[in-house]
Amino acid sequence: MRQALLKICQRHELAEMIYMGADGALTKRRVRILAVGIDSFTAYCHLRHEKRTFKIDRVLSIQRVVSRERQAI
């Protein structure tokens, strides 16, 4: 998981993740990863509208957000 986070961070991509909180609640969050440490990472969380620190072992899945613009004909 850490390698996926590093890759997204280095590419400055927006990501969507499923995160399990300390209480066991699952949330789907859209984040912009700012820095990755050994067991945690910091990111701007679009759900909370602030910079947050997340534990890597609580991330259940993460994928980059791919957006495609429509072309006008």
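Whatever comes next refers back to the structure up there.
No experiment lies behind these values; they were computed from the predicted model shown. Along each chain, residues carry numbers from 1 onward, in the same order as the chain's sequence is written. Local features in this predicted model are restricted to residues of pLDDT 70 or higher, and side-chain atom pairs are both shown and tallied only at a pLDDT of 80 or more, whereas totals for entire chains, interfaces and linings draw on every residue. Note that the side-chain values use all heavy atoms of the structure and ignore hydrogens as well as water.

A. Up close: the pattern of salt bridges. We count a salt bridge whenever a side-chain nitrogen from Lys or Arg sits within 4 Å of a carboxyl oxygen from Asp or Glu. For the coordinates displayed, the defined rule picks out four salt bridges. With a shortest N-O distance of 2.9 Å, Glu-50 and Arg-52 are connected by a salt bridge. Of the residues examined, Glu-50 reaches a relative accessible area of 38% and is grouped as partly exposed. Taken together, the salt bridges that share partners define one network made up of Glu-16, Lys-28 and Arg-30. Exposure categories follow from relative accessible area, calculated using a 1.4 Å probe and restricted to protein chains: below 20% of the type maximum is buried, above 50% is exposed, and the middle band is partly exposed.

B. Focus on the sheet that holds strand 5 (residues 59-64). In this description, strands pair whenever DSSP reports at least two bridges between them. Helix and strand assignments follow DSSP, with helices taken as H or I runs no shorter than four residues and strands as E runs no shorter than two, numbered in order from the N terminus. Strand order across the open sheet formed by five strands is 4-3-2-1-5, with antiparallel pairing between neighbours. At either end of the open sheet lies a strand with only one pairing partner, and these are strand 4 (50-55) and strand 5. Strand after strand, the sheet turns through a mean of 40° between neighbouring axes, direction not considered. Looking at chain direction, strand 1 (residues 14-20) and strand 2 (residues 26-36) are connected through seven bridges and run antiparallel. Looking at the pairing, Ala-15 lines up with Val-31 of strand 2. Axis definition: a line fitted to C-alpha atoms, over the contacting stretch in the case of helices. Angles run 0 to 180 degrees between N-to-C directions.

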